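Spelled out, the chains give:
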Amino acid sequence: MLAPKKTKFRKIRKGVIRGVATTGNNIAHGDYGLVSMEHERITARQIEASRQAMTRHIKRGGKIWIRIFPHIAVTRKPQDVKMGSGKGNPEFFVAKVKPGTVLFEMQGVTVEVAREAMRLAGNKLPVKTKFLVREDI
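Since the model is a prediction, treat every value here as computed from it, not as a measurement. (Residues numbered from 1 in each chain as written. Predicted model: local features only at pLDDT ≥ 70, side-chain atom pairs only at ≥ 80, totals over all residues. Heavy atoms only, no water.)

**Student:** Would you mind showing me how to read the packing of aromatic side chains here?
**Tutor:** What characterises a pair of aromatic rings is the spacing of the ring centres plus the angle enclosed by the ring planes. Applying the stated rule across the entire model yields one aromatic pair. Taking 5.9 Å as the distance between ring centres and 20° as the angle between the ring planes, the aromatic pair formed by Tyr-32 and Phe-131 counts as stacked. Here Tyr-32, found in strand β1 (residues 32-36), pairs with Phe-131, found in strand β7 (residues 129-133); they are 99 residues apart in sequence, far enough to count as distant. Neither Tyr-32 nor Phe-131 differs from the other in exposure class; each is buried. (Phe/Tyr/Trp six-rings, centres within 6.5 Å; stacked < 30°, edge-to-face > 60°. Helix = DSSP H or I, 4+ residues; strand = E, 2+ residues; numbered from the N terminus. Buried < 20%, exposed > 50% of the residue type's maximum accessible area, 1.4 Å probe, protein only.)

**Student:** Just to check I follow, could you spell out a positive patch on the surface for this structure?
**Tutor:** A contiguous patch of positive charge on the surface is contributed by Arg-10, Lys-11, Arg-13, Lys-14, Arg-76 and Lys-87. Relative to the helices and strands, Lys-14 is located in the segment before β1. (Patch = residues over 30% accessible without salt bridge, like charges linked within 9 Å, V, L, I, M, F, W, Y side chains within 5 Å. Areas by Shrake-Rupley, 256 points an atom, 1.4 Å probe, with all protein chains shown as cover. Salt bridge = Lys/Arg side-chain N within 4 Å of Asp/Glu carboxyl O. Lys, Arg positive; Asp, Glu negative; His and termini not counted. Charge placed at Lys NZ, Arg CZ, Asp CG, Glu CD.)

**Student:** What is the right way to look at the pairing of strand β5 (residues 89-97) in this model?
**Tutor:** On any regular strand, side chains alternate: one points to one face of the sheet, the next to the other face. Sheet topology places strand β2 (residues 40-43) next to β5; four bridges connect them, and they run antiparallel. Within β5, the residue paired with Glu-40 across the bridge is Val-97. Direction of pairing for strand β4 (residues 72-76) relative to β5: antiparallel, over a ladder of five bridges. What sits directly across from Arg-76, in β5, is Asn-89. (Pairing = 2+ DSSP bridges.)

**Student:** Can you walk me through the pattern of salt bridges in this structure?
**Tutor:** When the charged atoms of two side chains lie near each other, side chains of opposite charge can form a pair. Under the counting rule described, the total for this entry stands at three salt bridges. As a salt-bridge pair, Arg-67 and Glu-105 come within 2.2 Å of each other at their nearest N and O atoms. Here Arg-67, found in the loop between β3 (63-66) and β4, pairs with Glu-105, found in strand β6 (residues 102-107); they are 38 residues apart in sequence, far enough to count as distant. A relative accessible area of 0% means that Glu-105 is categorised as buried.

These figures come from the coordinates and say nothing about function on their own.
Take a look at the structure:
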């Protein structure tokens, strides 16, 4: 699973995800892309599940780029702990995603195979997604 080697701060405040993506919102590497239509936090497990679904469908043909990375640690307190006594320990990492962010890119397969692989990947994610084809092909 994806996780940062090192973070500046162990515990990060939750924050709010507002607006549309201004960076990471165009296809940079491949011919096909999967674009987020909502804002949400996507966990490293969900990213890995999507990657596995795509890779299995294209049967090791083509190339896949993962355009998001889970930098943000999410904390949880243990079960049956009373209120107070500070913030919990980091449990897992998430990537904050805005509408318009390109999540995955693919190259080296046909449009039909790419569309189906991206559909399978999108089903593993907590956001609505859209399949995108690069204009200059």
